[in-house]
2 protein chains.
Amino acid sequence: MTGRSDWSSHVHAVLAGAGFRRGGARERVIDLLAGESCALSAVEIEDALRAKGRPTGRASIYRVLELLGEHDLVERVEVGDGVARFEPAHPGGEHHHHLVCDRCGRLVAFDDPGLERAIGRLSDRLGMRVDHHEVVLRGSCETCG
Amino acid sequence: MTGRSDWSSHVHAVLAGAGFRRGGARERVIDLLAGESCALSAVEIEDALRAKGRPTGRASIYRVLELLGEHDLVERVEVGDGVARFEPAHPGGEHHHHLVCDRCGRLVAFDDPGLERAIGRLSDRLGMRVDHHEVVLRGSCETCG
DNA sequence: GCGATAACGAGACTCAATCTCATTTCATGG
DNA sequence: CCATGAAATGAGATTGAGTCTCGTTATCGC
Ligand SMILES: [Zn+2]
Ligand SMILES: [Zn+2]
Ligand SMILES: [Zn+2]
Ligand SMILES: [Zn+2]
């Protein structure tokens, strides 16, 4: 179980190691994401930071998310509503996938070792390098029955 | 193995059965998709139809795709470039998933019974209704090695 | 044919995401 | 401690996929 501040220090270590300076916007975005276990959109991040009295430019938010993505520090989640969401990516590779409720739009996280094994075997069989995978289930969440 | 014109007649049967009239734009989009085995974006459809001398309004293309989607006649494919793509959905439920090449952006289709079984077992375990699933792998295609 | 109404399409509009560029902040070494 | 060059930031303009509006056109049951 990888904790929140764990992720934050990992992020800082990776970025410092890659020679990046520090900056206010980057710290604010990382702080916010470190307190989230599931995905936020760039607009949600912008709103959340403004609400916390830490307003941050849109361009900076997208830049930070792009940088984190390039270093495999965030996971990009797309569920088909035209908005990209981002969640902390843990160094050990442990991750979850999402079920989207077609009624209320809620995101439900899950993980499944059987699914991961199947994807691993599939990747071997394909004979191409597979770096990453995304799985989205659609259905109804518990609330919407 | 479901053929192209097979899909087209299936589409017409379903839509006629649901009481929809025919119309030029709808026919043109269905004809075009029937000749494709993998996914096209709305813009690609618009361009392809114009290039074929069958120009079709953007609003109509999106309306047709939405209608086909509501009746499970097309599959919506999102690979994270901010564009939705659409491909024929076959009535038997047979389908494929996609690997996206991070270098050239190419889409490579694949299917894998083991993956489908794992998703089936997972759906049962979750205890929620799961209607649909999407899997996207990222890596390099054969050309980009 | 006629009429009711479904289907269509030009173009305005929305909004997430990107781009520009002037300003601010950082790290370093003098 | 300050000067300096580079990196980081952010306000605002811009892009472009996707949606909406509404007047026109086509379909089909009669
Ligand atoms: Zn999540
Ligand atoms: Zn996984
Ligand atoms: Zn495909
Ligand atoms: Zn499948």
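Everything discussed here concerns the structure shown above.
Residues numbered from 1 in each chain as written. Chains lettered and ligands numbered in written order. Predicted model: local features only at pLDDT ≥ 70, side-chain atom pairs only at ≥ 80, totals over all residues. Heavy atoms only, no water.

(A) Spotlight on the overall build of chain A. Each helix and strand in chain A was counted, giving five helices and six strands. When the elements of chain A are put in sequence order from the N terminus, they spell out α-α-β-α-α-β-β-β-β-α-β. Projected onto the principal axes, the alpha-carbon positions of chain A cover approximately 40 × 40 × 30 Å. Of all 145 residues assigned to chain A, the portion counted as buried reaches 44%. Partitioning the contacts of chain A with sequence separation of at least 6, the portion at a separation of at least 24 is 54%. Accessible surface for chain A amounts to roughly 7,600 Å². Of this, 48% is attributable to carbon and sulfur atoms. (Helix = DSSP H or I, 4+ residues; strand = E, 2+ residues; numbered from the N terminus. Buried < 20%, exposed > 50% of the residue type's maximum accessible area, 1.4 Å probe, protein only. Contact = heavy atoms within 4.5 Å. Areas by Shrake-Rupley, 256 points an atom, 1.4 Å probe, with all protein chains shown as cover.)

(B) Structural context of empty space enclosed by the protein. Residue and element names in this part refer to chain A. In this structure the tally under the stated criterion is three cavities of 30 Å³ or more. In this model, the largest cavity occupies a volume close to 90 Å³. Contributing to the lining of the largest cavity are Glu75, Arg76, Val77, Glu78, Glu87, His96, His97, His98, His133, Glu134, Val135 and Val136. Contributions of two or more residues to the lining of the largest cavity are made by β2 (74-78), β4 (97-101) and β6 (130-139). Of the residues belonging to the lining of the largest cavity, the class tally is three nonpolar, four polar and five charged. (1 Å grid on protein atoms, 1.4 Å probe; cavity = no way out; pocket = protein on both sides within 12 Å on 5 of 7 lines; lining within 4 Å. Points joined across faces, edges and corners; volume = space filled by probe spheres on them. Nonpolar A, V, L, I, M, F, W, Y, C, P; charged D, E, K, R; others polar.)

(C) Representation of the sheet that holds β2(A). All names here are of chain A. Pairing is antiparallel across the open sheet formed by three strands, whose spatial order is β1-β3-β2. The sheet is open, and its two edges are formed by β1 (40-41) and β2, each paired on a single side. With five bridges connecting them, β2 and strand β3 (residues 84-88) associate as antiparallel partners. Within β3, the residue paired with Glu78 across the bridge is Ala84. (Pairing = 2+ DSSP bridges.)

(D) Local environment of the coordination of the zinc ion (ligand 3). All names here are of chain B. Distances from the zinc ion (ligand 3) to its protein donors, namely Cys38 (SG), Glu87 (OE), His96 (NE2) and His98 (NE2), fall within the range 2.0 to 2.2 Å. Counting the intervening residues between successive donors of the zinc ion (ligand 3) yields the motif C-x48-E-x8-H-x1-H. A residue pair is termed long-range when its members are at least 10 positions apart, and Glu87 in strand β3 (residues 84-88) and His98 in strand β4 (residues 97-101) qualify at eleven residues. The buried category is assigned to Glu87, whose relative accessible area is 3%. (Donors = N, O, S within 2.8 Å, 3.2 Å for Na, K, Ca; no water.)

(E) Representation of the coordination of the zinc ion (ligand 4) in the model. At 2.0 to 2.4 Å from the zinc ion (ligand 4) lie its protein donor atoms, namely His95(B) (NE2), His97(B) (NE2), Glu116(B) (OE), Glu116(B) (OE) and His133(B) (NE2). When its relative accessible area of 27% is taken as the criterion, His95(B) is described as partly exposed.

(F) Representation of the sheet that holds β3(B) in the model. Reading across from one edge, β1-β3-β2 (chain B) is the order of the three strands in this open sheet, with antiparallel pairing throughout. Edge strands, defined here as strands with exactly one partner in the open sheet, are β1 (40-41) and β2 (74-78) of chain B.

(G) The arrangement of the protein's contact with DNA strand D in detail. Neighbouring DNA strand D are 22 residues, the closest being Arg21(A), Arg28(A), Arg63(A), Arg21(B) and Tyr62(B). When atoms of DNA strand D within 4 Å of the protein are split into backbone and base, the sugar-phosphate part holds 62%. Here a phosphate oxygen of DNA strand D and a side-chain polar atom of Ser60(A) are 3.1 Å apart. Measuring from a base nitrogen of DNA strand D, one finds a side-chain N or O atom of Arg63(A) at 2.7 Å. Broken down by secondary-structure element, the contributors of at least two residues to the surface near DNA strand D are α2 (24-34) and α4 (58-70) of chain A together with α4 (58-70) of chain B. Here the surface near DNA strand D is composed, by residue class, of eight nonpolar, six polar and eight charged. (Near = heavy atom within 4 Å. Polar contact = N/O pair within 3.5 Å; in protein donor to acceptor, adjacent residues only side chain to side chain.)

(H) Summary view of the relation of the copies chain B and chain A. Once chain B has been moved 0.0 Å along the axis and rotated by 179 degrees, it coincides with chain A to within an RMSD of 0.1 Å. This pairing of chains is accounted for by a two-fold axis. Using C-alpha coordinates, one finds that chain B approaches the rotation axis most closely at Val135(B), a distance of 2.3 Å. When the interface residues of chain B are mapped onto chain A, 100% of them are again interface residues, pointing to one common binding face. (Least-squares fit on C-alpha atoms with pLDDT ≥ 70 in both.)

(I) Geometry of the nonpolar core. Residues Leu99(A), Phe110(A), Leu115(A), Leu137(A), Leu115(B) and Leu137(B) are the most contacted members of the largest nonpolar core, which totals 23 residues. Sorting the residues of this core by element identifies β4, β5 (107-110), α5 (113-126) and β6 of chain A together with β4, β5 (107-110), α5 (113-126) and β6 (130-139) of chain B as the ones contributing at least two each. Here this core takes four residues from α5(B), the largest share from any one element. Discounting residues that sit within four places of it in the chain, Leu115(A) has contacts with His97(A), Phe110(A), Val135(A), Leu115(B), Ala118(B), Ile119(B) and Leu122(B). (Core = buried A, V, L, I, M, F, W, Y, C linked by side-chain atoms within 4.5 Å.)

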